[in-house]
Structure formats: C-alpha cells, structure tokens
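Geometric and topological summary
For reference, the chains in residue letters:
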Amino acid sequence: AREFSLVTASRSWNMRAQPVACCRFHSAVKELRASVKRLEKWKCMQTFRFFREAQCSKCGILSLWLAEEDDDEDEEQEPRYCACCSGRYVRKLVPPSRASL
C-alpha cells in the first residue's frame with residue numbers, strides 16, 4: 001500500500017521524463033527519490049501526525065473519515081472505497097477511549 005500510494009501521488013506531479021530513464025515509471029521513481037532526499041533535510045515536525053480515523057482492511061492504508069450527512073455516531077458505518085486499492089474496505093477506526101467500553 002505504501003508503494004502504491006507513492007506511485008499514485010507521483011502521477012499527479014508535473015515533471016519531465018528523464019532521458020536517462022528506461023521508462024516514465026522509473027523516471028517518476030527517480031523524482032520520488034530526489035523528493036525524499038529533500039524532505040530528509042527539513043526540520044523536525046513535532047506536530048506531525050498520521051491519519052488515524054479510518055483504515056482499509058485490505059491494504060492497510062490509513063485515511064481520513066469525512067463525515068457525511070447521514071452518518072450516525074452510534075451506528076456501524078458502511079465501509080467506504082479505498083483511494084489506494086479501490087476496494088470497499090475502509091472502516092472508521094474506534095477511538096481508544098471508546099474501544100475499551
């Protein structure tokens with residue numbers, strides 16, 4: 001899931017194919033590598049947090065759970081589609097304080 005989400009992100013970037021790359025995919029991989037090297041030089045972000053609202057039970061990717069008009073806090077929510085694997089496996093995670101009840 002991690003690799004797929006990186007590939008998906010890179011598909012939205014405006015970049016030129018590198019003439020030394022064997023294909024567009026590996027040209028994008030080289031751009032990803034360059035971006036990671038630049039990110040490693042950024043200052044620490046103590047406020048950085050992972051998405052912990054929902055998770056795909058198929059691929060494991062974490063995501064936001066955007067409330068819909070017909071959402072009822074107390075009802076089991078229908079799974080939603082995953083932006084990573086496209087399956088309908090994303091479920092809202094139960095907050096730790098409510099999971100122990």
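Figured I'd write up the structure that's included with this text. (Residues numbered from 1 in each chain as written. Predicted model: local features only at pLDDT ≥ 70, side-chain atom pairs only at ≥ 80, totals over all residues. Heavy atoms only, no water.)

1. Points about the overall build of the protein
As a reminder of what qualifies: Here a helix means four or more residues in a row that DSSP labels H or I, a strand means two or more in a row labelled E, and each is numbered from the N terminus. Think of it in three bands: residues with accessible area under 20% of the maximum for their type are buried, residues over 50% are exposed, and the middle band is partly exposed, with areas taken using a 1.4 Å probe on protein chains only. Residue contacts follow a heavy-atom distance rule, with two residues in contact if any of their heavy atoms lie within 4.5 Å. Reported accessibility uses the Shrake-Rupley method at a 1.4 Å probe radius. Residues are deemed covered only where the shown protein chains occlude them.
What the protein contains, in helices and strands, is 3 helices and 3 strands. Counting helices and strands in the order they occur from the N terminus, the protein gives α-α-β-β-β-α. Out of the 101 residues in the protein, the part that is buried amounts to 18%. Of the contacts made within the protein by residues no fewer than 6 positions apart, 38% connect residues no fewer than 24 positions apart. For the protein, the computed accessible surface area is about 9000 Å², with 55% contributed by carbon and sulfur atoms.

2. A look at the packing of aromatic side chains
Inclusion rule: Under the pairing criterion, centres of Phe, Tyr and Trp rings, with the six-membered ring standing for Trp, must be within 6.5 Å; the plane angle then separates stacked pairs below 30 degrees from edge-to-face pairs above 60, leaving the rest tilted. The criterion for a charge sitting over a ring is simple: Lys NZ or Arg CZ within 6 Å of the ring centre, and within 35 degrees of the ring normal.
Summed over the entire model, instances satisfying the criterion amount to 1 aromatic pair. A ring pair is formed by Phe48 and Phe50, whose centres lie 5.4 Å apart and whose planes are at 85 degrees; its orientation type is edge-to-face. The ring of Trp65 carries the charged tip of Arg80 above its face, separated from the ring centre by 3.7 Å.

3. Some words on the sheet that holds strand β1 (residues 54–56)
Put simply, the rule reads: Between any two strands, pairing holds if DSSP finds at least two bridges.
Across the sheet, 3 strands lie side by side as β2-β1-β3; this open sheet has antiparallel pairing. Lying at the two open borders of the sheet, with one neighbouring strand each, are β2 (62–63) and β3 (90–92). Pairing between β1 and β3: 3 bridges, direction antiparallel. Residue pairing across strands places Gln55 opposite Arg91, the latter belonging to β3.

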